[in-house]
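Observations on the model geometry
These are the residues of each chain, in order.
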Amino acid sequence: MTWKTSEYSGWGRVHTANSAAARPERATALAAIVEKTPAPAVGMRRSYGDACLNDGGRMIDMSRMDRVLNFDPETGILHVEAGAQIGQILKIFAPKGWLPPVMPGTGFATVGGAIAMDVHGKNHHGAGSFGVHITEITLMTPKGPKVLTPRKNAGLFKATVGGLGQTGPILSARLQLLRAKGDVMIVTERRVEAWDEFLALLDASDATYTVGWIDATARGDQLGRGILEEAETGAGLVTAAKRGKRIPVDAPSFALSPSVVRTFNAAYWRRVPDRGRTVVKPIDDFFFPLDKIHDWNRLYGKSGFHQFQCVVPIDAADSLRAMLERIAGSGLASPLAVLKRMGPGRAGYMSFPMEGYTLAVDFPNKVAATRLISELEAATVEAKGRIYLAKDALSGPDSVRGMYPEFAAWAKVVKSADPGGHYITDLVRRLNLRTA
Amino acid sequence: MSQTWIILGATSTIARSFARLASGRGDGVLLAGRDIDDMAATASDCAARGAPLAEVIAFDARNASSFKAILDQASGIEGTLSIAVFVGSMPTQDEIDADPSLISGTIVDNFTGPAEFLTMIAPLLEARGNGTIAGIGSVAGDRGRLGNYVYGAAKAGFHTYLSGLRNRMGRKGVHVMTVKPGTVDTAMTWGMDKLPFLAQPEKIAADILRGADRQKDTIYTPLIWWPVMTIIRLIPERVFKKLKI
């Protein structure tokens, strides 16, 4: 196998790493690599921080192993190679009336990555995380493929789902697709005036897909204002596909300056009429709104950006409000901010979700922002919440273990699955997750 | 009328992209190559994407006895029968210089193997009076270069063969297209340094399919290689022999 040395970065472009990567296209090639030179598997590198990096080491780029291996139209069970992208699965199966059970905010995420991060989507409150819908995982071990199911190999399965790739490369997985009415979304958008109203609406929502955009620059009486989107799948209405745009260069630093963001957010909020509205959107526009703008991460300029995402228990909603107050007061937030209610559904020891509220906010990579993020992390710990490791680039080892109560169980399984520490990534190293 | 592609060398990166793309628009695919397990995975993928026929069959350019079974299967395929040839191998010039016996295999993989197969199946296509043969050559076949002139020579031979085949088959309603890709991001080129105008396999696959639909004789893909190779072909040998390009 040929190894190609390049510089890589996560989606936030803050951390970079020099690695030698192999890019197998066949199962036999992957088997040979894992037997001789096991290394962490990466997909499309949509993790924001360093979960997809291994500086000075090797990695296995799984992006070319992306085929549909089997689909049973009776049961909706899809067997697919780990490098397959969620958006591709959507494209192939939505016209047949099936959807990926859980879709993260980008369709470029791979099945392998979605398992390793146990990602969630806009239906988390009802459907749970991605891993909940996985019926089987085939790991590639140095001894060859090993099939895991949630029943027969509960420990290794739960250490793999949400397990940050530490149990080894995933060759393929079976997932239960969801029945859909069609491939458009019927979306009801509603203006929300302030925080308390937002939480009340999220609590009361009985839509399958619910997400809140929040104006993280609004303060005072307007704190927590935003737009609530509730959606269901629909059929029979055709909307035109739009061509993707690309951000060709790194934007200058003033592109997302506080006044620009405040102005944009106010206009974005007013875009939805006072009385709300219902619109029909192509399915991928609803689930992956930013994917149409390729390389949108370049909007943050050369120095990159961070996304802070935490979840706090329901009874800690006031702490989350205090965090938003701090964010709004800082003037550092970008337009990209999301508030959502999460259900309890999770499938791995290290899965992020917990029943509660999750807040995600992007910040340009500046000293003031990194300082703010570490304050927000401390507030998350205090609220007995969690930081999402798919987004994290800044935490230290001390806080993270405490956030994940099943850490010890995970660490034990991982130690026996990978005693040599071959699958350690920069994130795992930074958070010191593989030492006793 | 439905079209079915016999795809020779179906485990190659570009062939896989081509098979998926053709499947997505409803063409059938018969995948021919050596790694049956891997092709079976691609066939499942093609079926999911919409191919009405997605099957695999053994093909080895170096073993002409594998050709007959494909011919038998091909004669039973209904609708338009087309062929896309992605077979090839590219040992580095250094490897060849160290072991000149690699030359004959390179010539078989890139030229004489597929040529023998195409010559065998040509009467079947002529009798049907339609279909396309897309032969994947290379810009490397346009000029003998320091870096890979044995591979280039094999591709040049294949180009000339395709040109003659086009002359013959065109009279019977069968279209023959020569495809000259530049550098493509495949398993074969992974890890090579400084590849100019590196293209993704999906782009090459789309160009092949579009070229076949429009009955192009020769295409460069991506198109940038047409002006580039036009200039390179015009450089006098007296000058070219001193260049390192």
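These lines cover the structure that appears in this document, whether it is placed above or below. Everything numeric in this text was worked out from a predicted model, so none of it was measured.

If you tally the helices and strands in chain B, you get nine helices and seven strands. The globule rule puts the C-alpha radius of gyration for 245 residues at 18 Å, and the 17 Å found for chain B is close to it. Across its three principal axes, chain B shows a C-alpha extent of roughly 55 × 40 × 30 Å. Evaluated residue by residue, chain B yields a buried proportion of 53% over its 245 residues.

With that settled, the discussion passes to the overall build of chain A. Scanning chain A from N- to C-terminus turns up 13 helices and 21 strands. Relative to the 2.2 N^0.38 estimate, which gives 22 Å for 436 residues, the radius of gyration of chain A is 21 Å and therefore close to what a compact globule would have. Principal-axis analysis of the C-alpha atoms gives chain A an extent of 60 × 50 × 45 Å. A burial count over chain A gives 59% of its 436 residues as buried. Long-range contacts, defined here as pairs at least 24 residues apart, represent 75% of the contacts in chain A between residues at least 6 apart. Roughly 17,300 Å² of accessible area belongs to chain A as shown, and the carbon and sulfur atoms make up 53% of that amount.

Here the focus is the sheet that holds strand β8 (residues 134–141) of chain A. Residues and elements named next belong to chain A. Pairing is antiparallel across the open sheet formed by five strands, whose spatial order is β5-β6-β10-β8-β9. The strands lining the two open edges of the sheet, one partner per strand, are β5 (68–72) and β9 (144–148). Averaged over neighbouring strand pairs, the angle between their axes works out to 10° when direction is ignored. Relative to strand β6 (residues 77–81), β5 is paired through four bridges, and the arrangement is antiparallel.

Take the pairing of strand β20 (residues 356–364) of chain A next. Two faces belong to every sheet, and in a regular strand the side chains alternate between them. Residues and elements named next belong to chain A. Of all nine residues making up β20, nine are buried, and the element is well covered by its neighbours. Judged from the nine bridges that link them, strand β18 (residues 305–313) and β20 form a sheet pairing that is antiparallel. Within β20, the residue paired with Q309 across the bridge is A360. Examined bridge by bridge, strand β19 (residues 337–342) and β20 share six bridges and lie antiparallel to one another. Its bridge partner lying in β20, K340 is registered against T358.

Residues and elements named next belong to chain A. Taken together, the eight strands give an open sheet; going across it, the order is β16-β12-β14-β13-β19-β20-β18-β21, and neighbouring strands pair in antiparallel fashion. The open sheet has two free edges, formed respectively by β16 (277–282) and β21 (386–387), since each of these has just one partner strand. For strand β12 (residues 184–192) and β16, the ladder comprises six bridges, and the chain directions are antiparallel. Paired with T188 across the bridge in β16 is T278. Helix α6 (residues 195–204) rests against β12, β13 (209–214), β14 (226–234), β19 and β20 of the sheet, and its axis sits at about 45° to β19.

In this complex, chain B contributes 19 residues to the contact, which on the side of chain A involves 18 residues. Across the interface of chain B and chain A, roughly 1,700 Å² is buried in total on both sides, 44% from carbon and sulfur atoms. Three residues stand out in chain B for area buried against chain A, namely R16(B), A48(B) and W190(B), and they jointly supply 39% of the buried area on that side. The interface formed by chain B and chain A contains five salt bridges. Two residues, D185(B) and R64(A), come together in a salt bridge whose shortest N-O distance is 3.5 Å. For the side of chain B that touches chain A, the element with the highest residue contribution is helix α2 (residues 36–49) of chain B, accounting for seven residues. Residues that form the side of chain B that touches chain A fall into these classes: five nonpolar, seven polar and seven charged.

Residue and element names in this part refer to chain A. Scanning the model with the defined rule gives 40 salt bridges over all chains in all. Ionic pairing is found between E325 and R321, a salt bridge with its closest N-O pair at 3.7 Å. Of the two residues, E325 and R321 are both situated in helix α9 (residues 317–330); the distance of four residues between them amounts to about one turn of the helix. Its relative accessible area of 28% is what places R321 among the partly exposed residues. The salt bridge partner of R434 is D418, with a shortest N-O separation of 3.1 Å.

For the rest of this paragraph, the subject is the packing of helix α1 (residues 13–24) of chain B against helix α7 (residues 201–213) of chain B. Residues and elements named next belong to chain B. Viewed as axis vectors pointing N to C, α1 and α7 meet at an angle of 55°, and their least axial separation amounts to 8 Å. In terms of orientation, α1 and α7 fall into the oblique class. Two packed elements cross with a definite hand, and for α1 against α7 that hand is right-handed. Seen from α1, the contacting residues are T13, I14, S17, F18, L21 and A22; seen from α7, they are P201, E202, I204, A205, A206, I208 and L209. Split by residue class, the contact of α1 with α7 holds 10 nonpolar, two polar and one charged.

Conventions and cut-offs
- Residues numbered from 1 in each chain as written.
- Chains lettered and ligands numbered in written order.
- Predicted model: local features only at pLDDT ≥ 70, side-chain atom pairs only at ≥ 80, totals over all residues.
- Heavy atoms only, no water.
- Helix = DSSP H or I, 4+ residues; strand = E, 2+ residues; numbered from the N terminus.
- Rg over C-alpha atoms; globule rule 2.2 N^0.38 Å.
- Buried < 20%, exposed > 50% of the residue type's maximum accessible area, 1.4 Å probe, protein only.
- Contact = heavy atoms within 4.5 Å.
- Areas by Shrake-Rupley, 256 points an atom, 1.4 Å probe, with all protein chains shown as cover.
- Pairing = 2+ DSSP bridges.
- Axes fitted to C-alpha atoms, helices over the stretch in contact; angles between N-to-C directions.
- Buried area = accessible area lost by both parts, 1.4 Å probe.
- Salt bridge = Lys/Arg side-chain N within 4 Å of Asp/Glu carboxyl O.
- Nonpolar A, V, L, I, M, F, W, Y, C, P; charged D, E, K, R; others polar.
- Parallel < 35°, antiparallel > 145°, perpendicular 65-115°, else oblique.
- Left-handed = near helix turned anticlockwise from the far one by under 90°.

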